[in-house]
Amino acid sequence: MTVVNEKLKEKIRESLSSVLPITVIVLLLSVTLVPMEIGTLALFLTGAALLIVGMGFFQLGAEMAMTPLGQGVGGRIIKSKRMILIVLVSFLMGVIITIAEPDLQVLANQVASIPNPVLIWTVAVGVGLFLVVAVLRILFHISLSKMLLVFYVLLFVLSFLSPDSFTSVAFDSGGVTTGPMTVPFIMALGVGFSASRSDREGASDSFGLVALCSIGPILMVLLLGIFYNPTDAAYTAAEIISISTTQDVMGQFVSALPQYGKEVLISILPVAGVFLVFQLFTRNFHKRQVLKIVVGFVYTILGLVLFLTGVNVGFAPVGSLLGSGLADSSFKWILIPIGIVIGYYIVKAEPAVQVLNKQVEDLTGGTISRRMMNTALSAGVACAVALAMVRVLTGINIYWILIPGYAIALILSRLVPSVFVGIAFDSGGVASGPMTSTFLLPLAMGACSAVGGNIVTDAFGVVALVAMAPLIAIQIMGLIYAHKAKAVPQPVEALSEDTIVDIEEDFE
């Protein structure tokens, strides 16, 4: 128990260092460019506190429950060597874990012209189908970069056939659905699958599952858009609640807790059911491991409830207020540099990012460290948010950014070591989580409303751009790594500390 407490303290300290910069930026803006009521600021600060504690509990819970469960399921079904079982279980796991994703509810509420259950099940089936594709890729040693090229060309062809007002929403869906519930489990599943491979490419092939699973929702939502031909994918901006006392502040969070508690419990139940059935049939975990996983589930639930309550009640309204306040000023251009700063730090506060970074560090023996990943992701997302603010201010079509961006990413995928391709495209889905959808999206929407733009075409797409940026940033890191590796004739696992430090310094 002492070890768990120490780990929890460590996770909360990590969360504090991730969230503190964003909190400081908002505070500085509130006393300079965008004055806020004390009540609104109190909401934001309380939300930040809940977010920090929630992230700490979630990360520890995912480490204790989701990771061993995913690895156990992946390893066990691969050992069965029954292709029908592998395909069926992979599809069902993809569907179940996607329905369990809280961010999917946010997306469903944004698309007004399609019933929520239809959209949720369509996206879930998309993830299920592409999880099967990802697993078959691992088993049959298919090149990830070739698969990505084929599927992204298909996506853009379909996007030209779907309504213009729906394109940004569809691409946003790919990032939103690979969130804090989906990523830890799917990545662990990949580790379990690839562990059956004895070749040296096995470890690098454990990456890429999230990348392919991010394509599924985009593809299915585009098809759904064509079929339904929606005319209004409307989004209701976050309301600024009038707060007069500290009791009102607490009232807002207390009243929201049951709603998010119910959402998270509904989300976790299918995954807990998978664990129960898996353990009953396989006896894969001994008693001590079972207890640890159960505690991990409790921590995951508590962490997600606190995180989602803090972000939705405290952060979303402030994001909208900041966007409208900055865009309403005579210095609209300041949105771009402020967007860069916010983008640089906000990705560090995404809970699934830290899960991915730890797994990358573990699987590469520290050669690709968490510090390198954080720096590359922050730089990429900073550029993405800057481009999103340019779109808000100018109204340029998202294709002018997406098509060249994905073209560069796909060209890089042919030039860098394969492990970086999987990590980069996985990072795209991971970087665009709940912080992006509940802070950056309201920020873009508030700014878009203030300048009189079209919210559906100009503000939507910020999640898609955030999801695209790591594809380029991480692969550029891969190019630098490949250059350094040529100078040191050693395998990845044996790179010297000096070489690793050199690579890291190139990102600072």
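In this text, all values refer to a predicted model and were calculated from it rather than measured experimentally.

Asks: How should I be thinking about the packing of helix α2 (residues 38-80) against helix α3 (residues 83-99) in this particular structure?
Replies: In a packed pair of helices, the relevant descriptors are the angle between the two axes and the axis-to-axis distance. Packing of α2 against α3 brings their axes to within 8 Å, and their N-to-C directions diverge by 155 degrees. The angle between the axes of α2 and α3 places the two elements in the roughly antiparallel class. For the pair α2 and α3, the crossing hand works out as right-handed. Here α2 contributes V73, I77, I78 and S80 to the contact with α3, which in turn contributes L85, I86, V89 and S90. Here the residues of the contact of α2 with α3 sort into six nonpolar, two polar and no charged.

Asks: I tried to follow unusual backbone geometry on my own but got confused; where do I start?
Replies: Negative phi values dominate among residues other than glycine, just as trans dominates among peptide bonds. Residues other than glycine seldom take positive phi values, yet H141 does so here, at roughly 55 degrees. The residue H141 is located in the loop between α5 (116-139) and α6 (144-161) in this model. Under the relative-accessibility criterion, H141 is labelled partly exposed at 49%. One non-glycine residue, R283, lies in positive phi territory at about 50 degrees. Considering the arrangement of structural elements, one finds R283 in the loop between α11 (246-282) and α12 (287-328). According to the relative accessible area criterion, R283 is exposed, its value standing at 59%.

Asks: Honestly, helix α14 (residues 351-363) in this entry has me stumped. Any pointers?
Replies: Every α-helix carries 3.6 residues per turn, so stepping three or four residues along brings you back to the same face. Under the 1.5 Å per step criterion, the end-to-end length of α14 is 19 Å for 13 residues, consistent within 8% with the ideal 18 Å. All of the buried residues along α14 are P351, A352, V353, Q354, V355, L356, N357, Q359 and V360. Among the residues trailing α14, G365 stands out with phi positive, at a value near 65 degrees.

Asks: In this structure, what is going on with the pattern of salt bridges? I would like to understand it.
Replies: Two side chains of opposite charge can pair, provided their charged atoms sit close to one another. Under the definition given, this model contains six salt bridges. A salt bridge links E14 to R370, with the shortest nitrogen-to-oxygen separation between them at 3.9 Å. With E14 in helix α1 (residues 2-31) and R370 in helix α15 (residues 370-394), this pair connects stretches of sequence that are 356 residues apart. What makes E14 partly exposed here is its relative accessible area of 23%. Between D362 and K358 there is a salt bridge, with the nearest N and O atoms lying 2.9 Å from each other. One end of the pair, D362, and the other, K358, are both in helix α14, four residues apart, so they sit about a helical turn from each other.

Asks: How should I be thinking about the packing of α15 against helix α18 (residues 434-451) in this particular structure?
Replies: Close contact between α15 and α18 brings their axes to 9 Å; oriented N to C, the two are set at 25 degrees. Between α15 and α18, the angle falls in the class roughly parallel. For the crossing formed where α15 meets α18, the hand is right-handed. Listed contacts from α18 to V385, M389, V392 and L393 of α15 are L440, L443, A444, A447, C448 and V451. Each residue belonging to the contact of α15 with α18 can be placed in one class, and the counts come to 10 nonpolar, no polar and no charged.

Asks: What should I look at first to understand the side chain of N357 in this one?
Replies: Its place among the elements puts N357 in helix α14. Residue classification places N357 among the buried positions, given a relative accessible area of 0%. A distance of 3.1 Å separates polar atoms of two side chains, one belonging to N357 and the other to N374. Dropping the residues within four chain positions of it, N357 is found in contact with R370, M373, N374 and L377.

Asks: I would appreciate a short explanation of the environment of A42 in the present structure.
Replies: Position of A42 among the secondary structure elements: in helix α2. For A42 and D248, which are 206 residues apart along the polypeptide, the C-alpha to C-alpha distance reads 9.9 Å.

Asks: Explain a nonpolar patch on the surface to me, please; I cannot follow it from the model alone.
Replies: Residues L149, V153, V157, L161, L223 and I226 make up a contiguous nonpolar surface patch of about 510 Å² in total accessible area. Listed by contribution, the elements that provide at least two residues to the nonpolar patch are α6 and α10 (209-228). Ranked by residues supplied to the nonpolar patch, first place goes to α6 with four residues. Following the sequence through the fold, V153 ends up in helix α6.

Conventions we followed
Residues numbered from 1 in each chain as written. Predicted model: local features only at pLDDT ≥ 70, side-chain atom pairs only at ≥ 80, totals over all residues. Heavy atoms only, no water. Axes fitted to C-alpha atoms, helices over the stretch in contact; angles between N-to-C directions. Helix = DSSP H or I, 4+ residues; strand = E, 2+ residues; numbered from the N terminus. Parallel < 35°, antiparallel > 145°, perpendicular 65-115°, else oblique. Left-handed = near helix turned anticlockwise from the far one by under 90°. Contact = heavy atoms within 4.5 Å. Nonpolar A, V, L, I, M, F, W, Y, C, P; charged D, E, K, R; others polar. Buried < 20%, exposed > 50% of the residue type's maximum accessible area, 1.4 Å probe, protein only. Expected span 1.5 Å × (residues − 1). Salt bridge = Lys/Arg side-chain N within 4 Å of Asp/Glu carboxyl O. Polar contact = N/O pair within 3.5 Å; in protein donor to acceptor, adjacent residues only side chain to side chain. Patch = residues over 30% accessible without salt bridge, like charges linked within 9 Å, V, L, I, M, F, W, Y side chains within 5 Å. Areas by Shrake-Rupley, 256 points an atom, 1.4 Å probe, with all protein chains shown as cover.

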